[in-house]
Amino acid sequence: MIKKDLGLLLLIVVVGIVVAIINPRFLLPINLANTANLIGLFGILSMGQAFVIITGGIELSVGSLVALLGVLFVDFVAVQYMPWALALPLILLLGAVIGAVHGWLITRLKLQPFVVTLCGLLIYRGAARFYTADGTAGFAFGQSFPELEFLTAGRFYGIPITFIALVIIGVAMWLVLHRSVFGRYLYAVGKNEEAARYSGIRTDRLVMTAYIICGLLTALSAIYFAMYTRSISPASHGQFYELYAIAAAVLGGFSLRGGEGSIVGVVLGTVLLQELQNLVNLLGIPSSLNFAVMGGVILIGVLIDQQWHSIRAKRRLVSAARQAESRLPSEASLPIAANRD
């Protein structure tokens, strides 16, 4: 765990204590379980966004994808009567394919990630609304899928399945990002893509893989969100979820310039974000201010990241100057020794 993660963990503890003092209901088991459920839902989505951000890119279409893939999943299971064991991997595959298309447009056609994913945001939202004729997709009265409901919206000894899934996926993604060659190369691409390419790294393939991972995790979160709400209005479902994901990643130490961040950080960022949302709800603050809180969080995160980079740059300059000064006396004595010989 790096210093940023430790600082974020301390902030989470402090905010949690403050919230508990202001409103003791924060510590009620039902509230903690609901918060853990939301952490799981948004944490999986945020991890996918983090893989894209670490390459120096951005994925703005995840909210619309949550709506489109959620609508398709509900339709497949509740209307088309497709077995959920078939519909689930089909949605995951579709998410991965969409991620691959984004990666191909960015790496092969050299389009800007902002442009590609902004267009995706509009296209997928429109497609979801067209698919349902601007109606609502949901389960009919009395429809029940016990196994699916347990795996997506159930609880295991009081712990939400979504939170357990977040932990399992987080461990897997941590190994991929921090203990594999792929992860090291991904950081290298984010730091300097041109230098990574000259050093023999297949940067295009890496960037495309990052978008595929993002699409896959977005599809999984879309299924979880669909089973959590059980009713989807494509005009509003998943709206601004991309901001939640970006805010969690930025809070977790992921630089929008790319090349920095950790999986532990993005999970902690999600925890802090949901903690703040819980604070807003418990204090009775109007929900319309949620986006104001989100914007403030992103701004503070970017400011801290910028200041952190400035401090590190100054430290490197000071360290280089000291090393140069320490070498001067020994280098100055070399010609004298040579003359004596």
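Along every chain, residues carry numbers that run from 1 in the direction the sequence is written. At least 70 in pLDDT is required for a residue's local features to be given in this predicted model, at least 80 for side-chain atom pairs to be given and counted, and no such filter applies to totals for whole chains, interfaces and linings, which use all residues. Derived side-chain values reflect all non-hydrogen atoms in the structure, with water molecules and hydrogen atoms excluded from consideration.

Would you mind going over helix H4 (residues 84-107) with me for this structure?
Helical periodicity: at 3.6 residues per turn, an α-helix aligns residues three or four positions apart in one direction. Counting from the N terminus, the helices are the DSSP runs of H or I reaching at least four residues and the strands are the DSSP runs of E reaching at least two. To estimate the expected span of a helix, count its residues, drop one, and scale the result by 1.5 Å. Between its first and last C-alpha, H4 extends 34 Å over 24 residues, near the 34 Å set by a 1.5 Å rise per residue. Inspection of H4 places Ala-87, Leu-88, Ile-91, Leu-92, Gly-95, Ala-96, Ile-98, Gly-99, His-102, Gly-103, Ile-106 and Thr-107 among the buried residues, and these make up the whole buried set. Note on classification: 1.4 Å probe, protein chains only; a residue is buried when its accessible area is under 20% of the maximum for its type, exposed when over 50%, partly exposed between these limits.

Can you help me understand the packing of helix H7 (residues 161-178) against helix H12 (residues 263-282) in this one?
Describing two packed helices takes the angle between their axes plus the distance from one axis to the other. In the contact formed by H7 and H12, the axes pass within 9 Å of each other and the chain directions differ by 145°. Contacts between H7 and H12 involve Leu-166, Gly-170, Met-173, Trp-174, Leu-177 and His-178 from the first element and Ile-263, Val-264 and Val-267 from the second. Under the scheme applied, nonpolar residues are Ala, Val, Leu, Ile, Met, Phe, Trp, Tyr, Cys and Pro; charged residues are Asp, Glu, Lys and Arg; polar residues are all the others, including Gly. Across the contact of H7 with H12, the residue classes tally to 7 nonpolar, 2 polar and no charged. Simply put, an axis is a line fit to the C-alpha atoms, just over the touching stretch for a helix, and the angle between two N-to-C directions goes from 0 to 180 degrees. Residues count as neighbours in contact if any of their non-hydrogen atoms are within 4.5 Å of one another.

Explain the state of the cysteines to me, please; I cannot follow it from the model alone.
Here a disulfide denotes one covalent bond, and it connects the sulfur atoms of two cysteines. Note on disulfides: each one is a pair of cysteine sulfur atoms within 2.5 Å. Applying the stated rule across the entire model yields 0 disulfides. No disulfide involves Cys-119; its sulfur sits 16 Å from the nearest other cysteine sulfur, which is in Cys-214. The buried category is assigned to Cys-214, whose relative accessible area is 1%.

It is not clear to me how the pattern of salt bridges should be interpreted in this structure. Could you clarify?
For side chains bearing opposite charge, pairing can occur when the charged atoms are close. We count a salt bridge whenever a side-chain nitrogen from Lys or Arg sits within 4 Å of a carboxyl oxygen from Asp or Glu. The tally for this structure, following the rule as stated, stands at 5 salt bridges. Salt-bridge contacts for Lys-191 lead to Glu-260; the nearest nitrogen and oxygen are separated by 3.4 Å. Note that Lys-191 is positioned in helix H8 (residues 181-191) and Glu-260 in the loop between helix H11 (241-251) and H12, a separation of 69 residues in sequence.

Would you take a moment to explain the packing of aromatic side chains for this structure?
Any aromatic ring pair is given by two values, namely how distant the centres are and how the planes are angled relative to each other. Aromatic rings from Phe, Tyr and Trp, taking only the six-membered ring of Trp, are treated as a pair when their centres fall within 6.5 Å; an angle between ring planes under 30 degrees marks them as stacked, one over 60 as edge-to-face, and anything in between as tilted. Applying the stated rule across the entire model yields 7 aromatic pairs. When the centroid spacing of 5.2 Å and the interplanar angle of 70° are considered together, the rings of Phe-42 and Phe-225 count as edge-to-face. Here the residue Phe-42 occupies a position in helix H2 (residues 29-53), and Phe-225 occupies one in helix H10 (residues 203-229), the gap between them amounting to 183 residues. With a relative accessible area of 8%, Phe-42 lands in the buried category. Each ring, one from Phe-225 and one from Tyr-241, has its centre 4.9 Å from the other, and the planes form 40°; the classification is tilted. In this pair, Phe-225 is assigned in helix H10 and Tyr-241 in helix H11, connecting sequence segments 16 residues apart. You can call Phe-225 buried: its relative accessible area is 2%.

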